[in-house]
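Residue-level structure breakdown
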Amino acid sequence: MGYASKAPASGQRTAMAASQAATRIVAVANQKGGVGKTDLTVNLSCQLAALGKRTLMIDLDPQANATDYLVSPGTPAGKSTADLLLDDSVTLDEVVMEGCRENLDVLPSSQSLSSCQIRLANDINMQFKLKKKLRAITEGSRSYDYVFIDTPPSLGLLMVNTLTAANGVIIPVQTQYFAMDGVVQLQETIKKVREDINPSLHVLGLVLTMYDRRTLISREVAEKVRGEVGERVFSTVIPVNVRLAQAPSHHKSIFEYDPGSSGARAYRELAKEVLGCPDA
Ligand SMILES: Nc1ncnc2c1ncn2[C@@H]1O[C@H](COP(=O)(O)OP(=O)(O)O)[C@@H](O)[C@H]1O
Ligand SMILES: [Mg+2]
């Protein structure tokens, strides 16, 4: 079960307008749960859209948190990313929820995505499913500046599909002990996908999330990550902010819910940094 399209097309309106090379497809990944992936995907997508960038947010997590975050309850169910990945005849156009916000379209998720990994495992082209469906974008019949993909907390087939389709990865890292657990494993997976399937894939950077400047542990972890990681770490740090925790239940981005909050300020800064990435 996903959500039906309702508002006017933002992707299609400008179809053919932008070339394929201009679309940045960015995965937000970390196989740990609760590190702020969904929060970052939703709010970064909303801010880039607000800055006038045509944006598509893809929810590839069966928990559908990003979809629930942005879509009002009661919106009729339509096709979801599960249909897109499992049924070769389903097109991107059939699944896209257009005009979710100005300049922002959404590919909604649904619970049925949870059986996807098992069902895809029997398919010879299993890791190329998403990439194939995104050809509508990469080959120019739909136009976006940015595509952000929210991913599930695992390194399974949904993640491999994401990394095969993406050209950039943002890795949110929670400023807690064990923050880097699994990041090395993710980096190895990214390296493998780059070598074997998708040479254009690269890490845009790590983002420190849920940072509490009052605690020693947050400061220590932030310092350690900056000192030890070979990758770029974005200067913007996402603070722990109760308004960020509250916004999803109101189905509002942090900019709609509390534009003056520290969370909103941080995501505005992060969006500027992402826009400034030479390769994003
Ligand atoms: N910076 C933050 N400050 C406070 N709460 C946050 C922050 N970022 C995320 N949250 C909340 O923490 C929980 C986990 O975040 P979420 O983005 O869903 O993580 P993930 O997608 O990695 O599982 C959610 O309830 C979310 O609303
Ligand atoms: Mg999530």
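Residues numbered from 1 in each chain as written. Chains lettered and ligands numbered in written order. Predicted model: local features only at pLDDT ≥ 70, side-chain atom pairs only at ≥ 80, totals over all residues. Heavy atoms only, no water.

Details of the overall build of the protein chain
Going by this rule: Numbering goes from the N terminus for both helices and strands, where a helix is a DSSP run of H or I of at least four residues and a strand is a run of E of at least two. In this description the radius of gyration comes from C-alpha coordinates, and the expected globular size is given by 2.2 Å times residues to the power 0.38. Only protein chains enter the accessibility calculation, which uses a 1.4 Å probe. A residue is then buried if its area is under 20% of the maximum for its type, exposed if over 50%, and partly exposed in between. The contact rule is simple, with two residues in contact once any of their heavy atoms fall within 4.5 Å. In short, Shrake-Rupley with a 1.4 Å probe defines the accessible areas, and a residue's cover is counted only from the protein chains shown. Think of it this way: Lys and Arg go in the positive column, Asp and Glu in the negative one, and His and the chain ends go nowhere. Charged side chains are reduced to one point each, which is NZ for Lys, CZ for Arg, CG for Asp and CD for Glu.
Scanning the protein chain from N- to C-terminus turns up 13 helices and seven strands. Computed over C-alpha atoms, the radius of gyration of the protein chain comes to 18 Å, within 12% of the 19 Å expected from 2.2 N^0.38 for 280 residues, which places it in the range of a compact globule. For the protein chain, the C-alpha atoms occupy an extent of roughly 55 × 40 × 35 Å along the three principal directions. Taken across its 280 residues, the protein chain has 54% of its residues classed as buried. Considering only contacts within the protein chain whose residues lie at least 6 apart along the sequence, 80% involve residues at least 24 apart. Of the roughly 11900 Å² that the protein chain leaves accessible, carbon and sulfur atoms contribute 51%. Counting 30 positive and 30 negative side-chain charges, the protein chain places the averaged centre of each group 3 Å from the other.

Considerations on helix α13 (residues 262-276)
Put simply, the test is: Helix span is expected to be 1.5 Å times the residue number reduced by one.
Here α13 contains 15 residues, and its C-alpha end-to-end distance of 21 Å stays within 8% of the 21 Å for a straight helix at 1.5 Å per residue. Within the span of α13, buried status applies to G263, A264, A266, Y267, L270, A271, E273 and V274. Looking at the buried side of α13, the elements it contacts are α1 (37-50), β5 (146-150), β6 (168-174), β7 (202-209), α11 (242-246) and α12 (254-257).

What to know about the pairing of strand β3 (residues 97-101)
Going by this rule: Pairing between strands is defined by DSSP: at least two bridges between them are needed.
A large share of β3 lies buried, amounting to four of its five residues. Pairing of β3 with strand β4 (residues 104-107) involves two bridges; the strand directions are antiparallel. Across the sheet, residue M97 finds its bridge partner in β4, namely V106. The antiparallel pairing of β3 with β4 creates a hairpin that spans two residues between the two strands, and N103 there sits at a positive phi of about 70°.

Quick notes on the pattern of salt bridges
Put simply, the rule reads: Just to be clear on terms, a salt bridge is a Lys or Arg side-chain nitrogen sitting within 4 Å of an Asp or Glu carboxyl oxygen.
As enumerated under the stated definition, the model contains 15 salt bridges in all. The partner of K79 in a salt bridge is E94, with the nearest N and O atoms 3.8 Å apart. Remark: E94 occurs in helix α4 (residues 92-95) and K79 occurs in the loop between α2 (65-70) and α3 (81-86); sequence separation between them is 15 residues. Overall, the relative accessible area of 34% leaves K79 in the partly exposed class. For E94, a relative accessible area of 38% puts it in the partly exposed group. Between R142 and D105 there is a salt bridge, and its shortest N-O distance comes to 3.7 Å. Here R142, found in the loop between α7 (135-138) and β5, pairs with D105, found in strand β4; they are 37 residues apart in sequence, far enough to count as distant. You'll find R142 and D105 in the same group, each marked buried.

A short note on the site of ligand 1
How we decide: Here, proximity means that at least one heavy atom of the residue falls within 4 Å of the molecule or strand. Any N or O atom pair separated by 3.5 Å or less is treated as a polar contact, with the protein-specific requirement of one donor-capable and one acceptor-capable atom, and with residues adjacent in sequence counted only for side-chain atom pairs. Three classes are used, and their members are as follows: Ala, Val, Leu, Ile, Met, Phe, Trp, Tyr, Cys and Pro are nonpolar, Asp, Glu, Lys and Arg are charged, and the others, Gly among them, are polar.
Close to ligand 1 lie 15 residues, the nearest being G34, T38, D39, P239 and N241. In this structure, K37 approaches ligand 1 through a main-chain N or O atom, which is 3.0 Å from an oxygen atom. Here ligand 1 has 550 Å² of accessible area as a free molecule, and 76% of this is covered by the chains. The greatest single-element share of the shell around ligand 1, amounting to three residues, is contributed by α1. Looking at the shell around ligand 1 residue by residue, the classes come out as eight nonpolar, five polar and two charged.

Here's the deal with unusual backbone geometry
Here F178, not a glycine, exhibits a phi torsion of approximately 70°, which is positive. Here F178 lies in the loop between β6 and α9 (183-196). The exposure class assigned to F178 is exposed, which follows from its relative accessible area of 61%. Although it is not a glycine, M210 sits at a positive phi angle of roughly 50°. With respect to the helices, strands and loops of the structure, M210 is situated in the loop between β7 and α10 (216-228).

What to know about the sheet that holds β5
Worth spelling out the cut-off: Note on method: axes are straight lines fitted to C-alpha atoms, helices fitted across the in-contact stretch only, with angles between N-to-C directions ranging 0 to 180 degrees.
Spatially, the seven strands line up as an open sheet ordered β3-β4-β2-β5-β1-β6-β7, and their pairing is mixed. Only two strands of the sheet have a single partner each, and these edge strands are β3 and β7. Strand-to-strand twist in this sheet, taken as the mean axis angle between neighbours without regard to direction, amounts to 25°. Two strands pair when backbone bridges link them, and strand β1 (residues 24-28) and β6 are joined in this way by three bridges, in the parallel orientation. If you follow A27 over to β6, its bridge partner there is V169. Along the sheet face, α1 touches β1, β2 (55-59), β4, β5, β6 and β7 and points at about 165° away from the line of β5.

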